[in-house]
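# Examining the three-dimensional arrangement
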Amino acid sequence: MPEPTPAPSDDLAAAVGGALAGVDLADARAVWRALGTKGITAALYPRAGTGPPQPDPRSLAVLLAELDARCPLGVTLSVCVQVATVLPLLAEPSGPADRARTGLLHGETVVALAVTDAAGSGSDLLDATTWAKLGEGSFTVDGHKQWITNATTCDAALVLVRHREPRHFTSFCWLLVPMSAPGVTVEPAGRAFAGSGVGHLKFDGVVLDNDALVGRPGRALAGFARQVGVERLAGALWARAMCRRLLADLRDWLRQRPAAGGTLWDRPAIRERYARCLVALHQLDALCTPLLDSTDAPAAAAGMLLKVTAAEAVDRITAEAVQLRGADAFRDGGEAALRTEAAMFGIAGGATGAMLAGIADHADELVGSRS
Amino acid sequence: MNNEFTEMLRPFLKFAGNGEISEESRLRDLGLDSMREIELLFAIEDTFGVAVPDDKLVDSTFATAGGLWDVVEELRAPVGGGTR
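Residues numbered from 1 in each chain as written. Chains lettered and ligands numbered in written order. Predicted model: local features only at pLDDT ≥ 70, side-chain atom pairs only at ≥ 80, totals over all residues.

Labelled according to an unreviewed UniProt entry, chain B appears under the name Acyl carrier protein, originating from Micromonospora phaseoli.

This is how it is decided: UniProt positions are given in the numbering used here, feature names are shortened, and annotations may be inferred rather than shown by experiment.
In the annotation of an unreviewed UniProt entry, the entry for chain A reads Acyl-CoA dehydrogenase, and the organism field reads Micromonospora phaseoli. Turning to chain A, the UniProt annotation filed under Sequence similarities (unreviewed entry) states: "Belongs to the acyl-CoA dehydrogenase family."

Written out as structure tokens, the structure reads:
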């Protein structure tokens, strides 16, 4: 099946708007299908370059901003993880992974990324106990993955599994597990992140052919570590779009809200609080901008700096949006509900505390030598 | 071990300071954790232009500085001897 014709990148924002016209924006699968059939998803991946095709950062920024402006957080999350992480990890020359990747590009297939293990912290993957045991030309998978985006809506899951005993990064591999395989069960995680399909996956004696293996055994965590830089850039670009949107809406609201003969916008204390939000947004923007034209994934330290900065900017700006709007923030679809879900920027894909520990490990690189 | 290798190694060893890194140095004792080992793997492959094969992608490869250097040397000069 040929790949869909990419939409021109300079028209990407208009193309996304056109693709989503008439689509149920609360339905992640419908949004994904529309993006695929109109060539939006394929347009993210330039043909040139070596290694797995990576999303072009500028195109990614446009897509995420357009989705953020239209869709519930959970739907944008569903798309984000697939374009930033799943599609590049599935870059294989043939076999089930290649077929799944083609289906993803067309919007016909949804693949979940199943990393966080029920047996351990999501920030310390070495404790994962979801196992794949190699038999006669097959794998048998047992384990439990939690809080997996797209779990309840996917056709398959790309699952991080342990295939060796040592608590070491070389003890893991990726398996592409069809949801229809006997022994796979899924349980919705609740009402949070509506549209994301977040849920818990259980694998009970799931038998897979050897071609379910994606990439080289022992390289899964290394490949994921490299890809997570792209995921962190995507998260930061999404956070930047969300913060801009919230601050634009808040500015307009404050300028119209009557207060003592003027508006709330006239009050120095409120202007200072708003200005601190602008500082946070521009700190995030300053980290994102140099990466927009890069063809390489952000290095480890840069990715962690991005993630912490994005989480802190979202936290500050959503908090101020709620506090400054007051009761208005609790309207349906208001800032109070968004703030609750947006806390995931400091948790999903690496909690802020774990990121800070990693950043400290790079102190010499980040501080430099005394001049 | 050559100097290029030990100086490449040093930033990954948070407890090494400016002390000697010998062939017997146990990398985990010097502060190398498993997630930093991934970055070290990338650094080795980029610096020395090698690709660590699947059979060497095991925890024992990263146990000591000398053991890791042996793997690098083997990959750099598969038909000749290395220098230590």
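The discussion continues.
### Examining the overall build of chain B
Filter applied, for reference: Here a strand is any run of E in DSSP of at least two residues, a helix any run of H or I of at least four, and the numbering for each starts at the N terminus. Throughout, the radius of gyration refers to the C-alpha atoms, and the reference size of a globule is 2.2 Å times the residue count to the power 0.38. For the exposure call, what matters is how many other C-beta atoms sit within 10 Å of a residue's own: 20 or more marks it buried, 12 or fewer exposed, and in between partly exposed, using C-beta atoms placed from the backbone. Here, residue contact means that the backbone-derived C-beta atoms of the two residues sit within 7 Å.
Each helix and strand in chain B was counted, giving 3 helices and 0 strands. Walking chain B from its N terminus toward its C terminus, one meets helices and strands in the order α-α-α. Relative to the globule expectation of 12 Å for 84 residues, the C-alpha radius of gyration of chain B, 12 Å, shows essentially globular dimensions. Overall, chain B is about 35 × 25 × 20 Å in size when its C-alpha atoms are taken along their principal axes. Buried positions account for 24% of the 84 residues belonging to chain B. Of the contacts made within chain B by residues no fewer than 6 positions apart, 54% connect residues no fewer than 24 positions apart.

### A word on the nonpolar core
Residue and element names in this part refer to chain A. Test applied: The term nonpolar core refers to a set of buried Ala, Val, Leu, Ile, Met, Phe, Trp, Tyr and Cys residues connected through C-beta atoms within 7 Å.
One finds Leu64, Ala157, Leu158, Leu175 and Val177 to be the most contacted residues of the largest nonpolar core, which totals 137 residues. For this core, the leading source of residues is helix α7 (residues 220-256), giving 18 residues. Leave out the neighbours within four places in its chain, and Val177 touches Val141, Ala156, Ala157, Val159, Val184, Phe203, Val206, Leu208 and Ala212.

### Notes on the interface of chain B and chain A
Worth spelling out the cut-off: Polarity classes work like this: nonpolar for Ala, Val, Leu, Ile, Met, Phe, Trp, Tyr, Cys and Pro, charged for Asp, Glu, Lys and Arg, and polar for all others, with Gly in that last group.
At the junction of the two partners, chain B supplies 13 residues and chain A supplies 16 residues. Each residue belonging to the side of chain B that touches chain A can be placed in one class, and the counts come to 6 nonpolar, 1 polar and 6 charged.

### Looking at the packing of helix α4 (residues 57-70) of chain A against α7 of chain A
All names here are of chain A. Defined as follows: Geometry is summarised by axes, namely lines fitted to C-alpha atoms with helices restricted to the contacting stretch, and by angles between N-to-C directions that run from 0 to 180 degrees. Convention used here: angles under 35 degrees read as roughly parallel, angles over 145 as roughly antiparallel, angles from 65 to 115 as roughly perpendicular, and any remaining angle as oblique. Crossing handedness is read from the near helix: turned anticlockwise from the far helix by less than a right angle, it gives a left-handed crossing, and turned clockwise, a right-handed one.
In contact at an axis separation of 9 Å, α4 and α7 are set at 45° when each is read in the N-to-C sense. Between α4 and α7, the interaxial angle falls into the category oblique. Helix-helix and strand crossings are classified by hand; for α4 and α7 the assignment is right-handed. Residues Pro57, Leu60, Ala61, Leu64, Ala65, Asp68 and Ala69 of α4 touch α7, and the partners they reach there are Leu233, Ala234, Leu237, Trp238, Ala241, Met242 and Arg245.

### Things to note about helix α1 (residues 12-20) of chain A
Residue and element names in this part refer to chain A. The condition is simple: What the arc measures is the spread of directions leading from the helix axis to the C-beta atoms.
Listed in full, the buried residues belonging to α1 are Leu12, Ala15, Val16, Ala19 and Leu20. Seen along its axis, α1 keeps its buried residues to an arc of 125°; they face one direction. In this structure, the buried residues of α1 make contact with α2 (28-37), α3 (40-43) and α4. Within two residues after α1, Gly22 carries a phi angle of roughly 80°, on the positive side.

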